[in-house]
Amino acid sequence: IQQSAEAAISQAQSMDELEQIRVRFLGKKGELTSVLRGMGELSAEERPLIGKIANEVREAIESLLEQAVNGVKAIEKNERLVKETIDVTMPGKELELGHKHPLTRVLDEIKGIFMGMGFKIAEGPEVDMVYYNFDALNAPKNHPSRDLSDTFYITDDILLRTQTSTVQIRTMEKMKPPIRIISPGRCFRRDTPDATHSPMFHQIEGLVVDKNITMADLKGTLDVFAKQLFGVGTKTKFRPHYFPFTEPSAEVDVTCFKCQGSGCRVCKGSGWIEILGAGMVHPNVLKICGIDPEEYSGFAFGMGLDRIAMLSLGIDDIRLFFENDMRFINQF
Ligand code: PHE
């Protein structure tokens, strides 16, 4: 038995085979076990002799098995180590770092300028009520911007906001003066896309309400803004205009400025370029929001982020912002 166990063990290659050998010789029905079982039939003289030999054989087989198991374990460990080797000298995969979209960059810059003047950021919903987009903003019932051809309606009372001026109303409903906020966000109008129009675009609204706020405060605020965004030499000019929610109202131009990039066309023509709409908050609007126009006054302004980003980065087609062509995006 011992010899045939030795032969089998010496040929075994795997843990499975060694286990089979253990069962074959030492298991409950194993060859050696049946010898031990048969001991009862032996004479009293033979029993201790055979018992001793059987025990020695068992110990010999057990120790051979143990050695063989250790040997196979060592071989398997080696194989695993070889298989799982990591070559630390291999070149790594380079991770591509993302960066800010050009619109976000310009927006961050504009936010920073107004936050520096004490403005807080306020946000409002893109899907809003006709009330906030038109009625509360003093828009006459027949104002052309209310038209189905200009505005995306969801129901008779709900629309995609066409301007961030909605946030003026939402803010004045919630806050008592002093109020000093800017509100950036998406707006929607039924425009056919071309180089300067997109049905989805971005505005940044500004609103200040307090005691004794005058047009001079508006002018001063926008002056500081223009100088910080476009350069210290920049001047602003107010041209009379009409908005339902401000009175008086103005369109604001800035003197030409140096833009970044090659396609810059900021300085064509008169030397002035229009960048935003503004005015003194209409007393009707203050009243609708529960603010007494005898006690408080305010100014508001609104600018198109896309347009300002196009001007300052020298981009000539608004659609480039929304196509996410990496060849464009990666230039900024
Ligand atoms: N909401 C106006 C527009 O979309 C801009 C504006 C905002 C004008 C605030 C005056 C005051 O054209």
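Residues numbered from 1 in each chain as written. Predicted model: local features only at pLDDT ≥ 70, side-chain atom pairs only at ≥ 80, totals over all residues. Heavy atoms only, no water.

Some thoughts on a nonpolar patch on the surface
And then number 1: On the surface, Val 127, Met 129, Tyr 131, Ile 154, Ile 158 and Ile 288 cluster together into a nonpolar patch covering about 480 Å² of accessible area.
And then number 2: Note that Ile 158 resides in strand 3 (residues 158-160). (Patch = residues over 30% accessible without salt bridge, like charges linked within 9 Å, V, L, I, M, F, W, Y side chains within 5 Å. Areas by Shrake-Rupley, 256 points an atom, 1.4 Å probe, with all protein chains shown as cover. Salt bridge = Lys/Arg side-chain N within 4 Å of Asp/Glu carboxyl O. Helix = DSSP H or I, 4+ residues; strand = E, 2+ residues; numbered from the N terminus.)

Describing the environment of Asp 217
And then number 1: Relative to the helices and strands, Asp 217 resides in helix 8 (residues 215-230).
And then number 2: For Asp 217, a relative accessible area of 31% gives the class partly exposed.
And then number 3: Sequence separation between Asp 217 and Gly 124 is 93 residues; the distance between their C-alpha atoms is 25 Å.
And then number 4: Not counting chain neighbours up to four residues away, the residues in contact with Asp 217 comprise Asn 212 and Phe 299. (Buried < 20%, exposed > 50% of the residue type's maximum accessible area, 1.4 Å probe, protein only. Contact = heavy atoms within 4.5 Å.)

As for the site of the ligand
And then number 1: The environment of the ligand is formed by 14 residues, the closest being Gln 163, Ser 165, Arg 189, Gln 203 and Glu 205.
And then number 2: A distance of 3.0 Å separates a nitrogen atom of the ligand from a polar side-chain atom of Ser 165.
And then number 3: For the ligand, whose unbound accessible area comes to 320 Å², protein coverage reaches 89%.
And then number 4: For the shell around the ligand, the elements supplying multiple residues, two or more each, are strand 5 (200-210), strand 8 (272-281) and strand 9 (297-304). (Near = heavy atom within 4 Å. Polar contact = N/O pair within 3.5 Å; in protein donor to acceptor, adjacent residues only side chain to side chain.)

What about the environment of Glu 76?
And then number 1: Within the secondary structure, Glu 76 sits in helix 4 (residues 46-83).
And then number 2: For Glu 76, a relative accessible area of 37% puts it in the partly exposed group.
And then number 3: Sequence separation of Glu 76 and Ala 7 is 69 residues, and the distance between their C-alpha atoms is 22 Å.

Focus on the UniProt feature "binding site: Mg(2+)" (unreviewed entry) in the protein chain
And then number 1: According to UniProt, the positions carrying the feature "binding site: Mg(2+)" (unreviewed entry) are Glu 247.
And then number 2: Looking at the secondary structure, you find Glu 247 in strand 7 (residues 246-255).
And then number 3: What makes Glu 247 partly exposed here is its relative accessible area of 47%.
And then number 4: Apart from the residues lying within four places of it in its own chain, the contact partners of Glu 247 are Met 280 and His 282. (UniProt positions renumbered as here; feature names shortened; annotations may be inferred.)

Examining the pairing of strand 7
And then number 1: A large share of strand 7 lies buried, amounting to eight of its 10 residues.
And then number 2: Pairing of strand 6 (residues 236-243) with strand 7 involves seven bridges; the strand directions are antiparallel. Paired with Phe 238 across the bridge in strand 7 is Val 252.
And then number 3: Counted along the chain from strand 6 to the antiparallel partner strand 7, the turn is two residues long.
And then number 4: For strand 7 and strand 8, the ladder comprises eight bridges, and the chain directions are antiparallel. Across the sheet, the residue bridging to Thr 246 is Val 281, located in strand 8. (Pairing = 2+ DSSP bridges.)

Remarks on the sheet that holds strand 1 (residues 120-121)
And then number 1: Reading across the sheet, the seven strands line up as 1-4-5-9-8-7-6 and stay open at both edges, with mixed pairing between neighbours. One side of each edge strand has no neighbouring strand; the edge strands of this open sheet are strand 1 and strand 6.
And then number 2: Relative to the sheet, helix 7 (residues 166-174) contacts strand 4 (179-188), strand 5, strand 8 and strand 9, its axis offset from that of strand 4 by approximately 140°.
And then number 3: Relative to strand 6, helix 8 is tilted by about 125°, and along the sheet it contacts strand 6, strand 7, strand 8 and strand 9. (Axes fitted to C-alpha atoms, helices over the stretch in contact; angles between N-to-C directions.)

Quick notes on helix 1 (residues 2-11)
Because an α-helix completes one turn every 3.6 residues, residues spaced three or four positions apart along the sequence face the same direction.
And then number 1: Here helix 1 has its buried residues at Ala 5, Ala 8 and Ile 9. The arc enclosing the buried residues of helix 1, seen along the axis, measures out at 100°, which places them on a common side. Helix 1 presents Gln 3, Ser 10 and Gln 11 as exposed residues on the side facing more than 90 degrees away from its buried surface.
And then number 2: Looking at the buried side of helix 1, the elements it contacts are helix 2 (15-26) and helix 4. (Arc of directions from axis to C-beta.)

Looking at the nonpolar core
And then number 1: Counting residues in hydrophobic clusters, the biggest one holds 40 residues, and the most contacted among them are Ile 110, Phe 225, Leu 276, Phe 301 and Met 303.
And then number 2: Every element with two or more residues in this core is listed here: helix 5 (102-116), strand 5, helix 8, strand 7, strand 8, strand 9, helix 10 (305-313) and helix 12 (326-329).
And then number 3: Leaving out residues up to four positions away in the same chain, Ile 110 has contacts with Ile 204, Phe 225, Leu 229, Met 303, Leu 305 and Ile 308.
And then number 4: Residues Ala 122, Leu 207, Val 209 and Ile 291 belong to the second largest nonpolar core, which totals 19 residues. (Core = buried A, V, L, I, M, F, W, Y, C linked by side-chain atoms within 4.5 Å.)

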